[in-house]
Amino acid sequence: MASTQHAHGARILVASNRGPVSYALDDSGRLTAKRGGGGLVSGLSAIGPDAGAVWVCAALNDGDREAVRRTGGALDPADTGGRRVRMLDIDPTVFSEAYNGIANSVLWFVHHMLYQTPLEPVFGREFRHAWSSYEAYNRAFAEALAEEAAEGAAVVVQDYHLTLVPGMLRQLRPDLRIGHFSHTPWAPVDYFRMLPDDIAEQVLRGMLGADRLGFLTQRWADAFAGCCEALVGGLGDTRIGVHGLGADADFLRERAHRPDVDERMAILRQQIGTGPDGRPRKVIVRVDRTELSKNIVRGLLAYEELLESRPEWRERVVHVAFAYPSRQDLTVYREYTAEVQRVAAEINERYGTPGWTPVEMHVKDDFARSLAAYRLADVALVNPIRDGMNLVAKEVPVLSDQGCALVLSREAGAYEELGDDAVTVNPYDIRGTAEALHEALSMPAGERTERSKRLAAQATALPPARWFLDQLAALEV
Ligand SMILES: O=P(O)(O)OC[C@H]1O[C@H](O[C@H]2O[C@H](CO)[C@@H](O)[C@H](O)[C@H]2O)[C@H](O)[C@@H](O)[C@@H]1O
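Residues numbered from 1 in each chain as written. Predicted model: local features only at pLDDT ≥ 70, side-chain atom pairs only at ≥ 80, totals over all residues. Heavy atoms only, no water.

Trainee: How should I be thinking about the domain arrangement of the chain in this particular structure?
Mentor: One frequent convention defines the size of an interface as the accessible area lost when the parts assemble. Split into domains, the chain comes out as domain 1 (7-245 + 466-476) and domain 2 (249-459). Taking only C-alpha atoms, the centre of domain 1 and the centre of domain 2 are 31 Å apart. Each partner contributes to the interface: domain 1 provides 24 residues, whereas domain 2 provides 21 residues. Three residues, W108, R219 and L245, lead the burial of domain 1 against domain 2; their summed loss comes to 27% of the area buried on that side. Inspection of the domain 1/domain 2 interface yields one salt bridge. Tallying contributions element by element places helix 3 (residues 92-111) first for the side of domain 1 that touches domain 2, with seven residues. Its residues assigned to classes, the side of domain 1 that touches domain 2 comprises 13 nonpolar, ten polar and one charged. (Domains from an automatic or database assignment. Contact = heavy atoms within 4.5 Å. Buried area = accessible area lost by both parts, 1.4 Å probe. Salt bridge = Lys/Arg side-chain N within 4 Å of Asp/Glu carboxyl O. Helix = DSSP H or I, 4+ residues; strand = E, 2+ residues; numbered from the N terminus. Nonpolar A, V, L, I, M, F, W, Y, C, P; charged D, E, K, R; others polar.)

Trainee: What am I meant to see in the pairing of strand 8 (residues 212-215) here?
Mentor: Both faces of the sheet carry side chains from a regular strand, because those side chains alternate between them. Neither face of strand 8 is exposed, since R212 and G214 on one face and L213 and F215 on the opposite face are all buried. In this structure, strand 7 (residues 177-181) lies alongside strand 8, joined through three bridges in parallel fashion. Directly across from F181, in strand 8, lies its bridge partner G214. Here strand 8 runs beside strand 9 (residues 239-242); their pairing, made up of four bridges, is parallel. The partner of G214 across the bridge, within strand 9, is G241. Between the parallel elements strand 8 and strand 9, the chain passes through helix 8 (residues 218-232) in a crossover that is right-handed. (Buried < 20%, exposed > 50% of the residue type's maximum accessible area, 1.4 Å probe, protein only. Pairing = 2+ DSSP bridges. Right-handed = clockwise from strand over helix to strand, strands pointing away.)

Trainee: Got a minute to help me understand the nonpolar core in this structure?
Mentor: Grouped burial of nonpolar side chains is what soluble globular proteins tend to show. Counting residues in hydrophobic clusters, the biggest one holds 167 residues, and the most contacted among them are F141, W186 and F192. In this structure, this core is formed jointly by two domains, domain 1 (7-245 + 466-476) and domain 2 (249-459), each of which donates at least three residues. (Core = buried A, V, L, I, M, F, W, Y, C linked by side-chain atoms within 4.5 Å.)

Structure representation (structure tokens):
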């Protein structure tokens, strides 16, 4: 392509399904913008508005679609913290089939190995139809990126929603340097090849359209390479790198010491209360999206087992469990959300006393309250059955006021970095997890402080800004 054609294009582009802002539309037609957080938002702030980066994302709801209609898709910088954001209004049916029907139902399930295989998956007509929507949705991203990019620009594509984009974009714009980053685990080949052969190949070849692929851990990178070796004859010219996204210590420490967090700490302290010895009860904290892979139900059952097998902890500990609803368009997520709440209520019913609620469960998303819980944590419970990284495991040690013990699943990506100082669990083993909770609760104060310091240091080794700049550097920007 002639370079003049893209003279005003962006030098750096990011593409992700969920963008840095979402809109709510009220009955009077007023749009309110809500800015999101997360590693990518923090990461991009490292390059500042002057870099003229463009972030391409999808409209996720009616508010977003109305914002696109009013702006033509180039969002008002006042809503985006000065960033250039292009939001794509993909046909709602196509979007839903791609996002709910393929990304969150099929690809998420494959990489987190969530299928109950006697009955699932069924890759029939409905799947094939949804797959064509996934292709159309990926094509919309590839076309928008091709339009927005300057000659030779660097494009960093994010996650399992957009696996086909690198290959499509390579066809449209061979001059670009293309990266793709996976925030999830990658399935081992024997599980990945559950996908129909043509689809598995399409996903791998789509990703291999990139110059460089990033993963959160060596384990996920190796699994991807293993799939390529077995199914498409290897990686070809595509390079692979590992970037273990860390916690944003500066942001977290500043945000967690604001008055709204202090207010919530006071409320939580009241809910937690004091034990029979008059001292504050110990606190086991977990904070998750209510996500099947997070293993919240088994975590609650392990806590119940602790109360049963170690009755000395009754009245002396409270499990503060925040489970924020997620992906509620999918039946299986709605059912899981109900199950989490049912099990928590059962534990309270069985063990609770007039002055003690064993599980303090909250489901309304409240970031300030999550930070308050982090500060109060004696123990953090992070027991996913499989997880790309898990930033909660990294954030709690950074914020815990008195230093915390971390009970961590060996199947979380974070385990690669934090395993030495955590109390390790097999996420399926209820008795083993209960014993790990006991060990964490009983850990001598000095040992807990030392371990917590080392966990915090490791957790913040690659802050989001560095994580993002490293990826750009690897594309030779
Ligand atoms: O956009 P949603 O469908 O609401 O999902 C939210 C995000 O979920 C995934 O990210 C989270 O899980 C990852 C794996 O456990 C973890 O590494 C990441 O830190 C979490 O934010 C997904 O990877 C994102 O694309 C979704 O936006």
